[in-house]
Amino acid sequence: MPPLRPLLLLHLLLLLVPAFADVPDHYSSPRPGASAGAGAGLGYASAEEYLDPTFPAPRPPPFAPSCVVPVLSYSFANTYGAPPATAAYAPPAGCPAPWSLVLLSFSAAVAGDQYDRVAAVWLDGAELLRTTTAEPTPDGVRWTVRKDVTRHSALLRSPPGGVGVLSVMLENLVNDQYTGAYNVTVSLEFHGAPAYLASAAAVVHNPETPALPESYFQPADLILPISEATGNSSGFWYRIQNSTDSRAKVVTIPPNTYRAVLEIFVSPHSNDEFWYSNPPDIYIRENNLTTARGNAAYREVVATVDRRFAGSFVPFPVIYTGGINPLFWQPVAALGAFNLPTYDIELTPFLGLLVDDKAHEIALSVVDGIAEWLVDANLHLWLDPGSSSVSAALGPYATPRLSITRGYTTQLLDGSFSIQAKRESRFRGWVKSSFGNYTTEVKAELKATSLVEFSDEGRNKTVTLDAALDTAVTVRYAETGKTVGKVETEAKYPLWLEMLTEDGGENGTQVVRANLTHSLRVDTEAEAQGLFDREEKLADEQAAAGWMLVRDHEVIDGSAATTQAYRYKGETGRYERAIDTLDGAVLSDNVTERHRGGLDLDVAGSNNFDACCRGRRRCHGILGPKCLDVAAM
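Trainee: Got a sec to walk through the overall build of the protein chain? Specific residues and values, please.
Mentor: Tallying secondary structure elements over the protein chain gives seven helices and 31 strands in all. Buried positions account for 55% of the 633 residues belonging to the protein chain. Sequence-distant contacts in the protein chain: of pairs separated by 6 or more residues, those separated by 24 or more amount to 74%. When the accessible surface of the protein chain is totalled, it reaches about 25,100 Å², and 51% of it is carbon and sulfur.

Trainee: I'd love a proper account of the environment of Val 452, names of residues and values included.
Mentor: Relative to the helices and strands, Val 452 resides in strand β22 (residues 436-455). Judged by relative accessible area, Val 452 falls into the buried class, the value being 1%. Separated by twelve residues in the primary sequence, Val 452 and Thr 464 place their C-alpha atoms 6.6 Å from one another. The contact partners of Val 452, leaving out residues within four places of it in the chain, are Tyr 276, Ser 277, Asn 278, Ala 297, Gly 415, Ser 416, Phe 417, Lys 461, Thr 462 and Val 463.

Trainee: I'd like a rundown of the environment of Val 149, residues and numbers included.
Mentor: Structurally, the position occupied by Val 149 is in the loop between β7 (141-148) and α3 (153-157). It is 8.7 Å that separates the C-alpha atoms of Val 149 and Leu 129, two residues lying 20 residues apart in sequence. For Val 149, the contacting residues outside a window of four places in its chain are Val 102, Leu 103, Leu 104, Leu 128, Leu 156 and Leu 188.

Trainee: How would you summarise the nonpolar core if you had to cite specific residues and measurements?
Mentor: Grouped together as the largest cluster of nonpolar side chains are 134 residues, with contacts concentrated most on Phe 106, Trp 143, Phe 190 and Leu 262. Sequence-distant contacts of Leu 262, defined by excluding residues within four places in its chain, comprise Ile 226, Ala 303, Tyr 343, Asp 344, Ile 345, Leu 347, Ile 362, Leu 364, Ala 377, Asn 378 and Leu 379.

Trainee: Describe the pattern of salt bridges, with residues and values.
Mentor: Applying the stated criterion across every chain yields a total of 29 salt bridges. Through salt bridges with shared partners, one network takes in Lys 422, Glu 424, Glu 445 and Lys 447.

Trainee: Kindly report on empty space enclosed by the protein, identifying the contributing residues and their values.
Mentor: Under the defined criterion, the tally for this structure stands at five cavities of 30 Å³ or more. For the largest cavity, the calculated volume is near 110 Å³. Around the largest cavity sit Leu 212, Pro 213, Tyr 216, Tyr 258, Thr 348, Val 431, Ser 433, Phe 435, Gly 436, Tyr 438, Thr 440 and Val 475, which together line it. Elements represented by at least two residues in the lining of the largest cavity include exactly β21 (414-433) and β22. Here the element with the most residues in the lining of the largest cavity is β22; it accounts for three residues. Classifying every residue of the lining of the largest cavity by side-chain character gives eight nonpolar, four polar and no charged.

Trainee: Account for the packing of aromatic side chains, with residues named and values stated.
Mentor: Here the structure, examined in full by the defined rule, presents 26 aromatic pairs. Considering the side-chain rings of Trp 143 and Tyr 182, the 6.4 Å spacing of their centres and the 80° angle between planes classify their relative orientation as edge-to-face. One end of the pair, Trp 143, is in strand β7; the other, Tyr 182, is in strand β9 (residues 182-192), with 39 residues separating them in the sequence. On the basis of relative accessible area, Trp 143 is assigned to the buried category, the value being 2%. Taken together, Tyr 216, Phe 217, Tyr 258, Phe 435 and Phe 532 form an aromatic cluster joined through their ring pairs. Arg 259 extends its terminal NZ or CZ atom over the ring of Tyr 216, reaching a point 4.3 Å from the ring centre. Against the face of Trp 382 rests Arg 259, its NZ or CZ located 4.5 Å from the ring centre.

Trainee: Go over the pairing of strand β3 (residues 85-89), please, and point to the residues and values.
Mentor: Only one face of β3 is buried, namely the one carrying Ala 85, Ala 87 and Tyr 89, since none of Thr 86 and Ala 88 on the opposite face is buried. With five bridges joining them, β3 and strand β8 (residues 164-170) adopt antiparallel strand pairing. If you follow Thr 86 over to β8, its bridge partner there is Ser 167.

Trainee: Before we move on, could you go through the state of the cysteines and cite the residues and values that matter?
Mentor: Across all of its chains, the model carries one disulfide by this definition. Here Cys 67 pairs with Cys 95 through a disulfide, and the sulfurs are 2.2 Å apart. In this pair, Cys 67 sits in strand β2 (residues 66-76) while Cys 95 sits in the loop between β3 and β4 (99-110), placing the two residues 28 residues apart along the sequence. Both residues of the pair, Cys 67 and Cys 95, belong to the buried class.

Trainee: Would you mind going over the sheet that holds strand β5 (residues 118-123) in detail, with residue names and values included?
Mentor: Think of a sheet as strands paired side by side through backbone hydrogen bonds, with each pair either parallel or antiparallel. Taken in spatial order, the four strands line up as β3-β8-β5-β6 in an open sheet, and their pairing is antiparallel. Unpaired on one side and paired on the other, β3 and β6 (126-132) mark the two borders of the sheet. Neighbour to neighbour, the strand axes of the sheet diverge by 15° on average, direction disregarded.

Trainee: Before we move on, can you summarise the sheet that holds strand β17 (residues 360-367) with the specific residues and values?
Mentor: Read across the sheet, four strands follow the order β12-β17-β14-β15 without closing on themselves; strand pairing throughout is antiparallel. Because the sheet does not close on itself, it has two edges, and the strands there are β12 (247-251) and β15 (308-313). Sheet twist, expressed as the average angle between the axes of neighbouring strands with direction ignored, equals 20°. Examined bridge by bridge, strand β14 (residues 300-305) and β17 share six bridges and lie antiparallel to one another. The partner of Glu 300 across the bridge, within β17, is Val 367.

Trainee: Could you give an account of the confidence of the model for the protein chain, naming the residues involved and the relevant values?
Mentor: Mean pLDDT for the protein chain: 86, with 84% of residues reaching 70 or above. Counted against residues more than four places away or in other chains, residues 598-633, with its pLDDT under 50, gives 89 contacts.

Trainee: Account for the pairing of strand β23 (residues 460-477), with residues named and values stated.
Mentor: Inspection of the sheet shows β22 paired to β23 by 18 bridges, in the antiparallel sense. Counterpart to Tyr 438 in the pairing with β23 is Tyr 477. Bridge analysis of β23 against strand β25 (residues 495-503) gives five bridges, and the strand direction is antiparallel. Residue pairing across strands places Thr 462 opposite Glu 498, the latter belonging to β25.

Thresholds applied
- Residues numbered from 1 in each chain as written.
- Predicted model: local features only at pLDDT ≥ 70, side-chain atom pairs only at ≥ 80, totals over all residues.
- Heavy atoms only, no water.
- Helix = DSSP H or I, 4+ residues; strand = E, 2+ residues; numbered from the N terminus.
- Buried < 20%, exposed > 50% of the residue type's maximum accessible area, 1.4 Å probe, protein only.
- Contact = heavy atoms within 4.5 Å.
- Areas by Shrake-Rupley, 256 points an atom, 1.4 Å probe, with all protein chains shown as cover.
- Core = buried A, V, L, I, M, F, W, Y, C linked by side-chain atoms within 4.5 Å.
- Salt bridge = Lys/Arg side-chain N within 4 Å of Asp/Glu carboxyl O.
- 1 Å grid on protein atoms, 1.4 Å probe; cavity = no way out; pocket = protein on both sides within 12 Å on 5 of 7 lines; lining within 4 Å.
- Points joined across faces, edges and corners; volume = space filled by probe spheres on them.
- Nonpolar A, V, L, I, M, F, W, Y, C, P; charged D, E, K, R; others polar.
- Phe/Tyr/Trp six-rings, centres within 6.5 Å; stacked < 30°, edge-to-face > 60°.
- Lys NZ or Arg CZ within 6 Å of the ring centre and 35° of its normal.
- Pairing = 2+ DSSP bridges.
- Disulfide = S-S within 2.5 Å.
- Axes fitted to C-alpha atoms, helices over the stretch in contact; angles between N-to-C directions.
- pLDDT = per-residue confidence, 0-100.

Below you can see the structure in the form of structure tokens.
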């Protein structure tokens, strides 16, 4: 989702060659009276609720004391260039820490006409939620994002001076053409520990068998924001403008820190919102184009500690609700659009550089990035309660090399642009605290392949992106080398997109047909000596197909079908949800929950995802997209 763009720019974009005028970009939803057929059959209802069919918010333990704290209510109308809206926050007296669960609720409603916008929630400069908005229908839409923020308990229980400042930024513009104001409320829901858990005896470990402390897997003791300090009219996020633009925060961490994790928030905008479909600059030069949407289709977010590479990832390609075809995302949002993913980088091996009670630099940058990327981070720190300082050292260090191969061919406005990238890293460091002397090793392997193809004189585009990140964090007792804890994660997120553009026949209209598959698969195995041994699997996949008649980036007619299959299996049970939509209406919504006790909850409905995708048949009369199989879990 781009920052606000002058209307003149929207018209100038249409003067570019079709490859840039008609393939993935932003469109506004049908307006009242735009066409006799506009919105016909789209199933709009008054203040329709939009959905993000992923895993529901965790359930609090039974009999736990709980309370809801409303924090902010604000209407974001003409807020472009304005500082974030703010409200005072204080921990709830009726639900004191420690908490077993804390949920942040972000509810929004909007009616009229509006583009999608990016928004964020910060507490004292530390980000809690990155989200984007739905595009409204004339009758209005509403939605709620509920996010587990228990890991941020250190911020929530101890704001400076007892009262903190919660900030929400949502830059919006309201005028005669774009009439939608986003009405937002933010609240926090606290759940304490029930008496039967609070009074439970602590696990007793054999002192001769080294084991990680339970606090290692609990929320951090201190969180330092890696963000803009003031949160003025630019917000708390850093705004990355190019590939050499590195934004840094200088911090001093307590000398008794025994673990550190960097939590990164990131979202692309403007010329890089659709970075995964950008052509290389040579294509733009050879065709004398004026667009700034270039630099090819590879991006990698990098974190450094005192200018040493510490970790990186290819960001998940989130599609905002005005992207590709806005009819796809009514009423089901694209993967991650309402709750953008965050990325954790284990910095414990680097504590040997950081626990000297001096100032150090944590920096963020984007490989091959162009304007603009919004990034910031939270530094989670675990403190040794039995010592005022720890001893630590970083093992042998070498900056991991990015191996990247590019193959570009062009023939006027047609072209094929392939990229293969790989980076392997391995860091090791030890920390000696009152818990013992432990060595942490972090291994990561990043792979990405990209293929962007233009055909029919640039009118058609096909995008294929396959990104994967495998990480392993292993903790060993330094005296014996025995493994006492390990977390291994395999994440894959492929994207396939096809967009075909035709002349609409009159009044400067065009017909854009799109097929899309998008998925996220994450497998995690975690074990800790004497504490737990668990496995989690997540598969979230969407397939969409449809067409739209557009004029000046406004959708005046169209039809679209979207199917989503979400599957999660973990220690507490299993959750599955399959949802089918056609032209804004939910045709089926099938939910199955299987808890560890064996109870199955099945809501009637049909899951057409497998049948549609695996059979490559037509879905509800619309050409079935190229689909990815949802493997049995």
